[in-house]
Every structure is written in structure tokens, then in C-alpha cells.
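# An overview of the molecular structure
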Amino acid sequence: MKKLILSLMMLAAGLAATAQPAGRTLFNEGWIFEKGDVRRSLDLPHDWGVDGAFDQTYPGESGKLPWWGKAVYRKQLEITAEELETKDIRLEIDGAMSHATVSVNGTELGGWPYGYASFAVDLTPALKAGSNEIAVCLDNPEESSRWYPGGGLYRNVWITKTAKTSVAHWGTYVTAEVRNIRTMAKVADAGLTLRVTLRHAGEKTVGMVRTQIISQDRYRGEGEDMVVNRVVAETRSIEYIEDGKTVWQTFDLQQARLWSPDDPVMYLARTTVETPDEVLDTYETPFGVRLAEWRADGFYLNGKKTFLKGVCLHHDAGALGAVWNDDAWVRRLKMLKEMGCNAIRTSHNPPAPEFLDLCDRMGFLVLDELTDTWTVPKKEHGYAELFDEWVEKDLVAMIHRDRNHPSVIAWSIGNECGEQGMPEKWEIPRRLTNICHREDPTRPTTAGNDNPWAASQPYAETIDLYGFNYKPHLYASFRDSHPGKPLYGSETASCISTRGYYRFPVEEEKGKGWSMEAPFQVSSYDLYAPGWASKPDYEWEFEDQVPECAGEFVWTGYDYLGEPTPFNMDPSVLTNFHTDEEREAFKKMVAGWGQTIADVPLPSRSSYFGIIDLAGFPKDRYWIYQARWRPELPMVHVLPHWTWPGREGLVTPVHVYTSGDEAELFINGKSQGRKAKEGYRIRWDDVVYQPGTVKVIAYKDGAVWAQEEVRTAGPVKRAVLTTDFAGEDLAFITARLEDKDGTLVPDADNLLAFNVKGPAVLVATDAGDPTSHTPFHSPELRAFHGLASAVVRRTGPGPVTVSVASDGLKTAKIILP
């Protein structure tokens, strides 16, 4: 982890991240937030929803948090008389939820309604020398989201000051023609084309546009990697400069290093706009050189067939809410990488730009998605209200912002849109595809499709790649009826579970893993799913039968706020069901819960879909995906835990996930037999529980491959604090409740109190319980199945002591150096 953090820091120091001009600075500190009777100072990013308390009367589908409403953010901007005369000054907002309008000194200058879009507003016309009040007004309507959207200026905000002649906002576009790939050396020759669009105030003039292509070479030193930036190509051109002009420049790179998830090598195009007397503007564009091809038989990267081992992710970061934080997402992506994940679908909206920076640098392939809705509403005030006026603006903004990222391999124009079943509206996806091709001819379009009828209709030709949501049984027929058309699973499985919770007896029927009463949890045997969904095994059977399937995107990599299926009343999920009978059964079930949320005692506020829970603790499912996606990694995982007071003498099935092909199970040293893997797991369904030790030895090709041991825990005797990730801003602390021998006590729910001393503050706590209504900002919470998490933010240099106390236990401490 230290090496990963170090390499990311050195990369950030050596090369730019998102394309940006030299005059761009963060504008996050010192805002005044006004909402209702609340007025306080704060720093951005900020999500007012997680500031509030959970409320049982609020909808579970959007997190039971108060994310809606109107608010204003205000800040002073100092401008000198010289800047006013010589600079253009704009405010860049990476995300404002939602319906933002921007004013300067009381004059409204612009805005953007879509809360997931990034946008810029030219402040220059209303600025004066001295102090200027910047105001961003938001109006976040209720009934506008099927999941937790957050509220506020929840991503970074920037001030950019450029010369009157400069590169335009998102004004560069790099493409590469890759040839002569040397697979073993991971290099190729590449012809680069850079398009530079200029801004210019005044008469046409003569200037020079110069661009250097810079490589990043890493050298392993003693204790750390050294980074050396090297100019590998350069060109300059004398141009007539006028507003809106696009300058084309070309470069020839010999033996360019190829970007891939295994070796995410980045280059930088540093462009300057110059006159004979001065450099007017410097603009840096990070990019990667790679060849991404969607063929009839799958996805190919740099000439090598690459299966997309992907997950879908919503934009929240658990207890941090919708707030963007680099450290939180480095940690999240690292855990997915260790599982074997190599791809992300940004469901169902454009992500924070820094998210794509991380995917570039950490090595993930990305489906960059625009929206969940076209013109058929899913929510009263959802995206359908914006579609006619804003969809082209939103789509162009997403593409212009993101098209230089090597991680992005396709544009997803929608998800489960009702228009799939309406031939009179198929012009919509055709139009969106044409816009994508116009703005970026190098990438195909796709969508998440859940209407099985549409797959057999001309609708399928409105997008370049066909993504199936929960329809793996259609892969073969689609391949046969659409020869040459790439296909993949855009949403798969939707298995549901609660970390550490197991329900007996273990039943095979996918709807039997929970009940509509307390504790409102789902069994973690990974056999259970909503009516439209399945366990992972079902998806994999069809992937293995249809090798033309390019990959899958599991719903979801992490639990997220909102959509607590199966304890969810959102009717928009009806389109996912396969049959009318399943749809009617769901309607009947919801009708039985009552007509209003207040009548329904459903406490759940976050999802059960995640492979990793909301607090960042892996569920059992993590290891079944690791077993499939990293077959070369020796690993074995045993479930359930083995602490079951009161179940002595009762059947307690033991399941094993392994990358091996056989395993032998021992209960208290006695063999229960050696079994070969059947499908994707190994099961001993007739094991009788007795306290003691469960041990599994996995084999591969007849040799010992991996082993794991699980022990019965005694009473809680201590809390232990560890940190699995500490970045420049945040540290993530785990509290683990153990018995006297250091075994996790899996049913422990002790009340814990976190405390922080030194230059740091406690930001959030969580334990992964989807039904907990303890506020995320509370220093006290109950452990959930023996674990809890705290997020700490550094406020200055020096050691930080984090402690946790619980009645009857010695206070545990950890020091962050």
C-alpha cells in the first residue's frame, strides 16, 4: 500500500491529471452555506444530505436522508485591476446537485441543471476590481432520483484565470493510430493527432501553438520509485489565431509504451499559446496510448483479448455521502483491483473527473454513462424533465471532458430506458449515438438494456455494442441473430446479501434468503437475489457457453445509499423482471406493505447488492469473484463463520470459494471428504455444527494450493484498531472485536465510542448495517458482526491518536504517524 500511495503521489506531482490550464486553482475553501435556518462556513466538497439524520418516514430508495431542498453557497473572490484587464476568469464546477445557477455580485451569469454534469461559467462580465461575491444557488427537487443523489457542491470547484488568448475549456482532443504492436514488450508505434481549440478576444492575430509530448519513465530506487519526465516529441505551428479556431498537430511516436490495466502508462501533451514576446497560456492534457477494439468475439486491448471483469458503481462513497474524495476512491478501487476487477461502469451518470484520473492511473477500463432516463419518466422530477433541452449539451459536455482518458472505452447513452419497447422513439438512441460519433469517432456507444423484446428488434442497431441487463440466457440467440455485433453483460447477477448474516435452513430458491420482518437482512450464502436477478453462478454458466460475450459488470461493486432491495418500494424495477408473473408478484408484495412509506416499518437505507459493504468490508461474495477473476492467485474462502451457540447438533452447511479445483474440509480435525468443484463453488451441505475449528485445504492439479481455518469465537475480550489505508487527507480505521485468542467475534454488536486526538478530526463512522439509523457523523455506533469503521481527516502535521472505547473493554488506540 505504501508503494501504491507513493507512486500515485509522484505521478500527480510529475504529470497533470485532468486536462487543465496552468491558471486553474482549487476554489474549495471558505464558503458560506445557507439552507433554511442554517448558515455556516465550510469547505467543499459538501453534501448536505449526510449532514442530516436518517428519518424512518423518508424513502428508503433514496437513503432516508434529507438530500432535497434549496440552498446557496457564497464566497468572496479577490480580483486585481490588472487581472480584470488581462484575464478571462471562469468558475468550473465538477458537480452541483442540482439545478445550479451562478451569480457574481448579484448578476446571474449561467448554470447547469443536471447534477452530475461538469460545467464552467465565465465570470468576467460581472467582475470588478476588489472583492466579488460568488453565489451558487441550488434547487434539488424531491422525487428526482431512484437512489441517493446527495445535495450540494459535492465535487471540486475551481477558479481558472487565463489570458484573453488561450486554449478553450476542454479544448484539446488527442487520438492515436496504433500500429506495429510488440505484445511482449508492451510497446507500439503511434501516430498522434492533437486538436487544439482556441479562445481569442479581439481581432485575428498571428501566434504560435507549440506542443510537447512528455513521457513518464519510472526507475526503481532504494525504497521508492523515481519518476523522470522526458520530452519524446514536439511540434509547433504558426497560426492565425481567432476565437473558436481548431489547430491540428501530428506526432510520430516510435516504441510508445501502451496503456493497459496491468501497466497504466500515461503521457502528457503540454501545449503553449505564444506570441513573439510571451507565453500566453499553457494547457496540459494527460493521455494514454492504447488500441481498444470491440470485435465480434469480444473486447481486445492492444491486440490481446481482454475479458471485462467489471462492476457497476454509484457515485456515493458510503458514510461520506456523495462528497468526492481522492483517498476514499483510491482505497475503494484498490480493493476492487485486489479482487480481480479491471472495469467499471459509472452507473448511471458521468462520474467526478478525478474518478477517471484514478482509473487512468490505477488501470481500470470504463464505460462512461450519461443517464438513467430518456423521455419516459422513472421519477416525477427526474432526467425526463431535462431531456429535450439538455441531453445534447450534457452528452457533449461529458464527451469533451472525458475523451482524452485512455480508461474510457465506450460511451453508455442510457440505462433501462422505457423507449426500448417503443419503436416510435428509437430515433432517440440513434440520435445520441450520432452525437457520440460526431464528437468522438474513436469510441462506440452502448446502453444497459433490460427489455428482452428489444434485443430482437431494429432497436439493437441504434447502438454499437449491445449490453444486456440480467439476460444472460439471451447471449447465444443474440450472437446468432446479430453476427458481428459485440455483446456483453452491462448489469449482471444483482445477488444480495448482508455481511456476516446467515439464515437457516439454507434454501436454494433465490427468494428465500430473507423475510419481511426484523432483522431485515439477507443471508450471505450468496444464493439469493430479487426476482429479475440471480446468483453469480447463473451468469457465469452463460458466459462460459458464449465466449463471444465480452465481459460483465456486476451490480454492484459496493453497497450504496438507497435502493435497499428487497426491502424497497421503487416500482421502476418492474422492467427488470423476465415475466408478467414476476412483475405481478412484486406488485402484490408491495401492495401488502401499505400505500405510504410511513405505513411501512422498513428501516433499510442502503443497498444489499454490493460485493463490499457500505463501510468498506468485503462480503463473502468478494472471494467467489476473486476465485473466478484471479485464477492464478492461490486462495480459498470458507463460509459461514463458526460461532453458533444454540445450533449444536444442527445442520450448518459449509461452502468454499477457491481458485483451486478441489478442496477437503475438516471439522475439529476430522475429514468431511475431499470434493471437486462443481460449477463455481464447493459445498458440504450436511455438516452438523459443533464448536471448534473448520479447516479447508484447497488443491489445484493435485497439489496443495491454499488453506484457511475458521474458529469458534469466545466472548469479546478486546477491541483492536488497524488502518488499511491512510492517504494525504483521510485515514480509514477498522475496529475489530476479538476474543482472548484474537478470533473475530462475528455476532458482537458492542456500542463503540471513537475519539481523535492531535491534528485531525473524525469525519464519519459506519459498520455496514443497511438498517442502522445512527448518523454517519456520530462518534458512537454499534459494531456490526464484530466490525466498525471510522474515517479521520488530517488537519495538520504531527502524530494522530485514534481510540475506541466500549463498556467492559480496555480502550484501544492506534497512532497515525
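Summary of the structure given here.

Reading the values: the criteria
- Residues numbered from 1 in each chain as written.
- Predicted model: local features only at pLDDT ≥ 70, side-chain atom pairs only at ≥ 80, totals over all residues.
- Heavy atoms only, no water.
- Helix = DSSP H or I, 4+ residues; strand = E, 2+ residues; numbered from the N terminus.
- Rg over C-alpha atoms; globule rule 2.2 N^0.38 Å.
- Buried < 20%, exposed > 50% of the residue type's maximum accessible area, 1.4 Å probe, protein only.
- Contact = heavy atoms within 4.5 Å.
- Lys, Arg positive; Asp, Glu negative; His and termini not counted.
- Charge placed at Lys NZ, Arg CZ, Asp CG, Glu CD.
- Core = buried A, V, L, I, M, F, W, Y, C linked by side-chain atoms within 4.5 Å.
- Salt bridge = Lys/Arg side-chain N within 4 Å of Asp/Glu carboxyl O.
- Pairing = 2+ DSSP bridges.
- Axes fitted to C-alpha atoms, helices over the stretch in contact; angles between N-to-C directions.
- Phe/Tyr/Trp six-rings, centres within 6.5 Å; stacked < 30°, edge-to-face > 60°.
- Left-handed = near helix turned anticlockwise from the far one by under 90°.
- Nonpolar A, V, L, I, M, F, W, Y, C, P; charged D, E, K, R; others polar.
- Expected span 1.5 Å × (residues − 1).
- Bend = angle between axes of the 7 residues up to and from the residue.
- Disulfide = S-S within 2.5 Å.

Along the protein, the regular secondary structure elements total 11 helices and 44 strands. At 27 Å, the protein has a C-alpha radius of gyration in line with the 28 Å of a compact globule built from 817 residues. The buried share of the protein, taken over its 817 residues, is 60%. Taking all contacts inside the protein whose residues are at least 6 apart in sequence as the whole, residues at least 24 apart take part in 70%. Computed over 88 positive and 115 negative side-chain charges, the separation of the two mean positions in the protein equals 4 Å.

By size, the foremost hydrophobic cluster in this structure holds 176 residues, and its most contacted members are W31, L91, L123, W294, V311 and L336. The dominant element in this core, judged by the number of residues it contributes, is helix α6 (residues 384-402), at 9 residues. Apart from the residues within four sequence positions on either side, W31 is in contact with R40, S41, L42, L44, Y73, R74, K75, I134, V136, L153 and V157.

Looking now at the pattern of salt bridges. Under the definition given, this model contains 53 salt bridges. The residue R479 makes a salt bridge to E548 at a minimum N-O spacing of 3.1 Å. Here E548 lies in the loop between α9 (536-545) and β29 (549-555) and R479 lies in helix α8 (residues 475-481), a separation of 69 residues in the sequence. We classify R479 as partly exposed; its relative accessible area is 25%. Salt bridges here are not isolated pairs; linked through shared partners, they connect R24, R90, E92 and D94.

Of all 5 residues making up strand β31 (residues 654-658), 5 are buried, and the element is well covered by its neighbours. Of the two faces of β31, the one carrying V654, V656 and T658 and the one carrying H655 and Y657 are both buried. Pairing of β31 with strand β34 (residues 682-684) involves 3 bridges; the strand directions are antiparallel. In the sheet register, V656 faces β34, and the bridge partner there is I682.

To continue, consider the environment of A790. Here A790 is to be found in strand β42 (residues 787-794). For A790, a relative accessible area of 0% corresponds to the buried category. Apart from the residues lying within four places of it in its own chain, the contact partners of A790 are A731, F732, I733, F754, L762, A764 and T765.

Taken in spatial order, the 3 strands of this open sheet run β12-β13-β16, and their pairing is antiparallel. Looking at the sheet topology across the chains shown, the edges are occupied by β12 (165-182) and β16 (246-257). Taken pair by pair, the neighbouring strands of this sheet meet at an average axis angle of 20°, ignoring direction. Sheet topology note: the β12/strand β13 (residues 187-200) ladder contains 12 bridges and is antiparallel. Within β13, the residue paired with R182 across the bridge is V187.

Let's shift gears to the pairing of strand β37 (residues 718-726). As judged from the 8 bridges shared by β37 and strand β38 (residues 730-738), these two strands associate in the antiparallel manner. Counted as the bridge partner of A719 is L737 from β38. Here β37 folds back onto β38, and the loop between the two strands holds 3 residues.

Our next topic: the packing of aromatic side chains. Tallied over the full model, the rule gives 40 aromatic pairs. A ring pair is formed by F567 and Y608, whose centres lie 5.4 Å apart and whose planes are at 65°; its orientation type is edge-to-face. Residue F567 is located in the loop between β29 and α10 (580-591), and its partner Y608 is located in the loop between α10 and α11 (621-629); the two are separated by 41 residues in the primary sequence. With relative accessibility at 2%, the residue F567 sits in the buried group. These aromatic residues form a ring-pair network of at least three members: W426, W453, Y459, Y466, F468, Y475 and F478.

This part takes up the side chain of E354. Counting through the fold element by element, E354 comes out in helix α5 (residues 353-362). With residues up to four places along the chain from it excluded, the contact list for E354 reads D94, N156, W158, W324 and D326.

Once that is clear, we can look at the packing of α6 against helix α7 (residues 427-439). Here α6 crosses α7 at 30°, and the two axes come no closer than 10 Å. Handedness of the α6/α7 crossing: right-handed. Contacts between α6 and α7 involve F387, V391, E392, L395, V396, I399 and H400 from the first element and I428, R431, L432, I435, C436, R438 and E439 from the second. In terms of residue class, the contact of α6 with α7 is built from 9 nonpolar, 1 polar and 4 charged.

A separate point is α6. The end-to-end C-alpha distance of α6 is 24 Å, clearly below the 27 Å that 19 residues give at a rise of 1.5 Å each. At W390, α6 shows its strongest bend, of approximately 80°.

The next thing to look at is the sheet that holds strand β10 (residues 130-140). Judged by pairing direction, the sheet is antiparallel, and its 6 strands sit side by side in the order β4-β3-β5-β10-β7-β8 without closing on themselves. Two strands lie at the open edges of the sheet, namely β4 (38-42) and β8 (107-112), each paired on one side alone. The sheet shows a mean angle of 20° between the axes of neighbouring strands, direction not considered. Relative to β10, strand β5 (residues 69-79) runs antiparallel, the two sharing 11 bridges. Opposite I79, over in β10, you have G130 as the bridge partner.

So, about the state of the cysteines. A full pass over the atoms with the stated rule returns 0 disulfides. Looking at the unpaired C312, the closest cysteine sulfur is the one in C341, lying at 10.0 Å. Note on C359: no disulfide assigned, nearest cysteine sulfur contributed by C341 at a separation of 8.9 Å.

Note the cis peptide between L44 and P45, where omega equals 0°. Phi at S494 is positive, roughly 55°, even though this residue is not glycine. In this fold, S494 is placed in the loop between β28 (487-493) and α9. Classification of S494 by relative accessible area gives buried; the value is 0%.

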